[in-house]
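A structural walkthrough
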Amino acid sequence: MSVRLNLLRGFELLCDDVRVSLPLASQRLLAFLALQQRPMLRIYVAGALWLDASESRSYANLRSALWRLRQPGHPVVVATPTHLALHDDVEVDVHLAIESSRRALAPAGTGVLVDGDDLAGELLPDWYDDWVEDDRRRLRQLRLHALEAIAEQLLEQGRFGQAVDASLLAIRIDPLRESAQRLLIRTYAAEGNWNEALDQYRSWSRRLRAETGLEPSDRMHALLDDLLGRVRRAG
């Protein structure tokens with residue numbers, strides 16, 4: 001029996017590859033426990049998930065959410081009189097994405113190249129709880145740095161198509177992120193696509209000025225100057 005909890009791109013619980021329908025309260029409980037990654041006191045879980053409820057009502061909500069999680073007949077939560085935790089046998093896509101990100105960010109020469117698609121998808125995009133927002137920001141930055149590390153490694157290996165794909169994944173997460181834009185422009189230039197490199201710079205710099213009023217950094221200007229020099233020499 002396999003149990004997988006997906007939180008990237010939205011909530012999904014799969015038991016033996018069959019999607020399990022759960023009420024929102026039970027979804028929130030599972031997601032909270034998955035993101036904490038350690039046993040949590042029941043009183044803390046109840047208070048965190050039902051901030052505006054009285055202590056008795058929050059406990060009642062927690063008991064109801066736990067009862068509904070027992071309905072599928074699959075082990076998803078370990079419950080003791082004092083603590084709650086996600087069952088060790090539940091595979092969580094966020095945990096896999098964090099592991100892949102850390103492998104990609106390992107010191108030079110020791111990192112394992114991972115698939116950028118493993119890092120795609122935003123954490124619970126339609127949820128607005130404060131505890132989700134905190135983890136969403138943390139995961140977003142980890143994934144961005146990992147995707148850039150993957151793109152850099154692919155560029156060094158001359159695997160330009162995959163480097164472009166990894167850079168574009170990072171840009172999809174943060175379209176104004178200059179470091180990802182520089183990587184994409186460098187990759188276009190390395191494969192000899194001068195026009196694409198220049199077009200990428202122009203479209204990004206226009207958007208940057210329009211949305212933030214900021215100018216590209218000195219590093220971006222240096223990259224542009226180098227690019228224009230190479231175009232002139234090639235012509």
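Residue positions within a chain follow its written sequence, with the count starting from 1. Reporting of local features is limited, given that this is a predicted model, to residues whose pLDDT is at least 70; pairs of side-chain atoms are given and counted only at 80 or more, and all residues count toward the totals for whole chains, interfaces and linings. The basis for the side-chain values is all heavy atoms of the structure; hydrogens and waters are excluded.

Quick word on the sheet that holds strand E7 (residues 90-92)
Put simply, the rule is: The pairing criterion is simple: DSSP has to find at least two bridges between the two strands. Secondary structure elements are taken from DSSP: a helix is a run of H or I of four residues or more, a strand is a run of E of two residues or more, and numbering for both begins at the N terminus.
Spatial strand order, E3-E2-E1-E7: 4 strands in an open sheet with mixed pairing. With partners counted over all chains shown, the strands left at the sheet margins are strand E3 (18-19) and E7, one partner each. As paired elements, strand E2 (residues 12-15) and E3 share 2 bridges and run antiparallel to each other. Its bridge partner lying in E3, Leu14 is registered against Arg19.

Section: the confidence of the model for the chain
Put simply, the rule is: The predictor attaches a confidence to each residue, and that confidence, scored 0 to 100, is pLDDT.
For the chain, mean pLDDT is 90; residues scoring 70 or higher make up 94% of the total. Per-element confidence in the chain is highest for strand E6 (residues 83-86), whose mean pLDDT is 97, and lowest for helix H9 (residues 218-234), whose mean pLDDT is 87.

Describing the pairing of E6
Both faces of the sheet carry side chains from a regular strand, because those side chains alternate between them. By the bridge criterion, 2 bridges tie strand E4 (residues 40-41) to E6 in an arrangement that is antiparallel. Bridge pairing in E6 links Leu41 to His83. Relative to E6, strand E5 (residues 77-79) runs antiparallel, the two being bridged by 3 bridges. What sits directly across from Ala79, in E6, is Leu84. Here E5 folds back onto E6 in antiparallel fashion, the turn holding 3 residues.

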